[in-house]
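# Residue-level structural notes
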Amino acid sequence: MVDTSGEAETFATVRARMQSELKAITEETTAQGGGNVLLVSHGAAYGGFLAF
């Protein structure tokens, strides 16, 4: 399926956004003394992130 609207993100864009957010979460958690973090998303996002 091709996005004809031009609004869909590429895998590279999704991965970069996820990396940025994960870094921010890691830094914030570390600044608060560490601990566990629960991340919730869908399989396609995780799959795309881990595929590269």
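Residues numbered from 1 in each chain as written. Predicted model: local features only at pLDDT ≥ 70, side-chain atom pairs only at ≥ 80, totals over all residues. Heavy atoms only, no water.

### Concerning the overall build of the protein chain
The helix and strand inventory of the protein chain stands at two helices and zero strands. Its C-alpha atoms give the protein chain a radius of gyration of 14 Å, clearly above 10 Å, the size a compact globule of 52 residues would have. With the C-alpha coordinates of the protein chain rotated into their principal frame, the extents come out at 45 × 20 × 20 Å. Residue burial in the protein chain is summarised as follows: out of 52 residues, 10% are buried. (Helix = DSSP H or I, 4+ residues; strand = E, 2+ residues; numbered from the N terminus. Rg over C-alpha atoms; globule rule 2.2 N^0.38 Å. Buried < 20%, exposed > 50% of the residue type's maximum accessible area, 1.4 Å probe, protein only.)

### A look at the pattern of salt bridges
Considering all chains together, one arrives at two salt bridges under this definition. A salt bridge links Glu27 to Lys23; the shortest N-O distance between them is 3.9 Å. One end of the pair is Glu27 and the other is Lys23, both in helix H1 (residues 11–31) and four residues apart, which spans about a single turn. The class for Lys23 is exposed, based on a relative accessible area of 53%. (Salt bridge = Lys/Arg side-chain N within 4 Å of Asp/Glu carboxyl O.)

### Considering the side chain of Thr29
Mapped onto the secondary structure, Thr29 falls in helix H1. Setting aside residues up to four positions removed in sequence, Thr29 forms contacts with Gly34, Gly35 and Val37. (Contact = heavy atoms within 4.5 Å.)

### A closer look at the environment of Val37
With respect to the secondary-structure elements, Val37 resides in the loop between H1 and helix H2 (43–51). Contacts of Val37, omitting those with residues within four sequence positions, involve Ile25 and Thr29.

### Regarding the packing of H1 against H2
For the pair H1 and H2, interaxial distance at closest approach is 9 Å and the crossing angle is 90°. Taken together, the axes of H1 and H2 lie roughly perpendicular to each other. Counted together, Phe11, Arg15, Met18, Gln19 and Leu22 of H1 and Ala45, Tyr46, Gly48 and Phe49 of H2 form the full contact between these two elements. Counted by class, the contact of H1 with H2 contains six nonpolar, two polar and one charged residues. (Axes fitted to C-alpha atoms, helices over the stretch in contact; angles between N-to-C directions. Parallel < 35°, antiparallel > 145°, perpendicular 65-115°, else oblique. Nonpolar A, V, L, I, M, F, W, Y, C, P; charged D, E, K, R; others polar.)

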